[in-house]
Every structure is written in C-alpha cells, then in structure tokens.
Amino acid sequence: MNWVEILGYVASFLVAISLMMSSIVRLRWINLAGGITFSAYGFIIGAYPVAAVNAFIACINVFFLIKIYRSQVIFNVIKSGSESGQSGYIAHFLDFFSNDIDTIYPDFKRRLSIPNREYFLLTEQERVVGIVSGIQHSEEHFEIDLDIVTPAYRDYKLGHYLFGNNNHFASKFAFTKVTANVQTEEYQEYLLKVGFAKEHQHLWEYNIPKN
C-alpha cells in the first residue's frame, strides 16, 4: 500500500466519522476535512470528477460553518423549581436522557434524596436544550451534580455561556461559590474546559471571574 492509497482510506474514514457526529459543528468540520482530503486524492489519481465533487462539498461545509459562527445564538438559563415542584417536562427530559445520566452522572439518582434540590432550564431561543440541577447549600453556594444537554449542544459553547468568562449562571443567581460533584473523567474534562478546578476528590469549584 502506497501513500496515495493511504490518503484515500483516510478520506473515507473522515467522511464516515463525520456522519457519526451528533454535534452539527463537529460534523461540518470533520466532513470538511474529509472533502478536502478526498479532493486531493481524486486530483492525484487523475479522477477529476471525484476531485471536483469533493471540492464542492468542502465549499458547502465552509459556507455553513461561516453561517453557524456568524449566527447570533441566544442562550438563557431559567430557574424552574425545586424537587417537590418538578415539572412534567423536567421528568420527561431526565427520563429521555436517563442512559446518558447514568453514564456521566452515576451518583445523580442516589443524590435525589438530598434536600434543597433546584432545577434550571437551559434554552436556545425558545427551545429547551438542557437542564442543570444540584443542591443549593446556601444563598451563595450552589453544588451542581447534573449538567445534561441535548447531543447537538455538547460542543462546550453552552458550557462557556454558563461558566467561562461569561459567568451567566453565577452572576444571574448571585452565587459566589459554585461547585460540582464529579463522578466520571468525562465530566472532569468538561469542567476543566469551562473554568472549574479540583478542590477535593469528587468536588470541583468554579473559579468565578472577578469583575
């Protein structure tokens, strides 16, 4: 197998992987890489129709990526209520994503019995795209043990809206201390990206930006 054949296999692999992405942004980026690679492969082997079609596909991906990044995304976080007032929608959402919750937040169901639980709806425009839940220990301190969003929004953009430099979650609800109960490495990776730091074995604290 020579390097040209390897290039063709890489292109095929990238296109196949892109179709497995739940995030539209990731799908577009990986499909763009696959289109560029396939176009180069087609040009090298003299299959010019293959090169032309995949160059066109790459251009389409560039167009939609520009459109996505230029579009105004309006996120919001809304306090929904305590456990005793859990809405039917929240129960439905948690049940629909129960497998993801069991995988990323395996301790969540056990912690449902802890008092002072609160729920927050995460929205994009008018659409609910996620739920944050946890224990409000005091007016200033909130401990998150669930932060679940729909697959299309699992690209950290919503996390950076809530935390990161934007700091909407803490500032909107006047929390001076936000911690997270961590049970999996996947959740640790997410927390690192949005501004949390490890405090204890299972407790991470959000470094709230100073105004």
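Structural data are supplied above this passage.
Each chain has its residues counted from 1, running along the sequence as written. Two thresholds apply to this predicted model, a pLDDT of at least 70 for residue-level local features and 80 or more for giving and counting side-chain atom pairs, whereas whole-chain, interface and lining totals are computed over all residues. Neither water nor hydrogens contribute to the side-chain values; these are computed over all heavy atoms in the structure.

Caption draft 1: Focus on the overall build of the protein chain. For the protein chain, the helix and strand inventory stands at nine helices and seven strands. At 21 Å, the protein chain has a C-alpha radius of gyration far larger than the 17 Å of a compact globule built from 211 residues. The principal-axis extents of the C-alpha atoms in the protein chain amount to approximately 70 × 35 × 35 Å. A 1.4 Å probe rolled over the protein chains alone gives each residue an accessible area, and that area as a share of the maximum for its type sets the label: buried under 20%, exposed over 50%, partly exposed in between. A total of 211 residues make up the protein chain; the buried ones form 41% of that total. Of the contacts formed within the protein chain by residues at least 6 apart in sequence, a portion of 60% connects residues at least 24 apart. Method for areas: the Shrake-Rupley scheme with a 1.4 Å probe, in which residue coverage is limited to the protein chains shown. For the protein chain, the exposed surface amounts to about 11,800 Å²; the carbon and sulfur share of it is 59%. In this count, Lys and Arg are taken as positive residues and Asp and Glu as negative ones, while His and the chain termini are left out. The atoms used to mark charge sites are NZ of Lys, CZ of Arg, CG of Asp and CD of Glu. Between the mean site of the 17 positive side-chain charges and the mean site of the 20 negative ones, the protein chain shows a separation of 6 Å. Each helix is a run of DSSP H or I of at least 4 residues and each strand a run of E of at least 2, with the numbering of both proceeding from the N terminus. C-alpha atoms define the radius of gyration, and 2.2 Å times the number of residues to the power 0.38 defines the globule rule. Contacts between residues were defined by any pair of non-hydrogen atoms, one from each residue, lying within 4.5 Å.

Caption draft 2: Geometry of the pattern of salt bridges. Salt bridges are defined as contacts in which a side-chain nitrogen from Lys or Arg sits within 4 Å of a carboxyl oxygen from Asp or Glu. Scanning all chains against the criterion turns up five salt bridges. Arginine 111 serves as the salt-bridge partner of aspartate 145, at 2.8 Å between the closest nitrogen and oxygen. Of this pair, aspartate 145 sits in strand β4 (residues 141-149) while arginine 111 sits in helix α6 (residues 108-111), and the two are 34 residues apart along the sequence. Residue aspartate 145 is joined to arginine 117 by a salt bridge in which the shortest nitrogen-to-oxygen separation is 2.7 Å. Here the residue aspartate 145 occupies a position in strand β4, and arginine 117 occupies one in strand β2 (residues 117-124), the gap between them amounting to 28 residues.

Caption draft 3: How the structure looks around the environment of alanine 11. Relative to the helices and strands, alanine 11 is located in helix α1 (residues 3-18). The sequence separation of alanine 11 and alanine 40 amounts to 29 residues, and the corresponding C-alpha distance is 9.3 Å. When near neighbours in sequence (up to four residues on either side) are disregarded, alanine 11 contacts Gly34, Thr37 and Phe38.

Caption draft 4: Expanded view of helix α2 (residues 24-44). For α2, built from 21 residues, the straight-helix expectation of 30 Å at 1.5 Å per residue is met to within 8% by its first-to-last C-alpha distance of 30 Å. The set of residues buried in α2 consists of Val25, Asn31, Leu32, Gly34, Gly35, Thr37, Phe38, Ser39 and Gly42. In this structure, the buried residues of α2 make contact with α1 and α3 (48-70). Positive backbone phi, at 80°, marks glycine 46, one or two positions downstream of α2. A helix is expected to span 1.5 Å multiplied by its residue count minus one.

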